[in-house]
Amino acid sequence: MVPRRSRKPCPQGLPGSIPGEGVKLIMKIKLYHVAALFVIIIILQVSGEYAGLLDPSRNIIWYDNVMHALAGVLSGIFVMWAVEKESIKISKKRLGIYIVIVAFLMAVFWELFELAIFKMLKDYAISYNYSTTLAEAILDSLSNTIGASILAIINYYIFKKN
């Protein structure tokens, strides 16, 4: 008879976590904070579409960059929510690194998804005046990473005392 292994939770949390120390935010992040920011981003996206701010022929690229930066902030807040929900003990510096990495990876996967949709529905994308290029994908991913980096810096310096 094989002895049963006990399933004890790992006390360390994420790799690099510090036992006994961890992130303590002033405001507890709830899932509805993440959902509210997601809804705001969707409203801004739809408003930008109807106002023509995302039309490549108008060359208003800053609006798209702001939207991607907000998506990076959304990714970061989701990471903060997950860390807080699971009560993972982790240093603020390490949390900042996770925020930026997750936002960057989500941006890359999103850009690959956009490229796949563009390739599969090329006629529709061209009629909609949508184009995706490598430069645009890099700029979008960079905007996401900048938004997440700003959140990580704010979390580290503003909430440093807690």
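Before going into details, it helps to say that this report is about the structure given with it. Small disclaimer: the values here were computed from a predicted structure and weren't measured.

## Overview of the environment of Ala103
Turning to step 1, where the next piece is worked out: Along the chain, the position of Ala103 falls in helix H3 (residues 92-120).
Turning to step 2, where the next piece is worked out: Given a relative accessible area of 0%, Ala103 falls into the buried group.
Turning to step 3, where the next piece is worked out: Not counting chain neighbours up to four residues away, the residues in contact with Ala103 comprise Gly72, Ser75, Asn144 and Ala148.

## Considerations on helix H2 (residues 61-85)
Turning to step 1, where the next piece is worked out: Between the first and last C-alpha of H2 there are 36 Å, a value that for 25 residues agrees with the 36 Å anticipated at 1.5 Å per step.
Turning to step 2, where the next piece is worked out: Just downstream of H2 lies Ser87, where phi reads positive at about 55 degrees.

## As for the nonpolar core
Nonpolar side chains in soluble globular proteins tend to be buried together.
Turning to step 1, where the next piece is worked out: Counting 21 residues, the largest nonpolar core has Ile77, Met80, Val83, Leu95 and Ile99 as its most contacted members.
Turning to step 2, where the next piece is worked out: Listed by contribution, the elements that provide at least two residues to this core are helix H1 (31-51), H2, H3 and helix H5 (134-158).
Turning to step 3, where the next piece is worked out: When residues of this core are assigned to their parent elements, the largest contribution, eight residues, is made by H2.
Turning to step 4, where the next piece is worked out: When sequence neighbours within four positions are dropped, the list of residues in contact with Ile99 reads Gly76, Val79, Met80, Ala148, Leu151 and Ala152.

## Describing the packing of H1 against H2
Turning to step 1, where the next piece is worked out: Running from N to C, H1 and H2 cross one another at 170 degrees; their axes reach a closest spacing of 9 Å. With respect to H2, the element H1 is oriented roughly antiparallel. On H2, the residues touching Leu31, Val34, Leu37, Phe38, Ile41, Leu44, Gln45 and Gly48 of H1 are Tyr63, Met67, Leu70, Ala71, Val73, Leu74, Ile77, Phe78 and Trp81.
Turning to step 2, where the next piece is worked out: Class assignment of the residues belonging to the contact of H1 with H2 gives a composition of 15 nonpolar, two polar and no charged.

Analysis parameters
Along each chain, numbering runs from 1 in the same order as the chain's sequence is written. pLDDT decides what is reported in this predicted model: residues at 70 or higher carry local features, side-chain atom pairs at 80 or more are listed and counted, and totals for whole chains, interfaces and linings draw on all residues regardless. Processing note: side-chain calculations cover all non-hydrogen atoms of the structure and skip hydrogens and water entirely. A run of H or I in DSSP counts as a helix once it spans at least four residues, and a run of E counts as a strand once it spans at least two, with each numbered from the N terminus. Think of it in three bands: with a 1.4 Å probe and only protein chains considered, a residue is buried below 20% of the maximum accessible area for its type, exposed above 50%, and partly exposed in between. The criterion used for residue contact is that any of the two residues' heavy atoms lie within 4.5 Å. Helix span, as expected, comes to 1.5 Å for every residue beyond the first. The criterion is simple. A nonpolar core is a set of buried Ala, Val, Leu, Ile, Met, Phe, Trp, Tyr and Cys residues joined through side-chain atoms within 4.5 Å. Angles here are taken between N-to-C directions and fall from 0 to 180 degrees, while the axes themselves are lines fitted to C-alpha atoms, restricted in helices to the stretch in contact. In what follows, roughly perpendicular refers to angles from 65 to 115 degrees, roughly parallel to angles under 35, roughly antiparallel to angles over 145, and oblique to any angle outside these ranges. Residue type decides the class: Asp, Glu, Lys and Arg count as charged, Ala, Val, Leu, Ile, Met, Phe, Trp, Tyr, Cys and Pro as nonpolar, and the leftover types, Gly among them, as polar.

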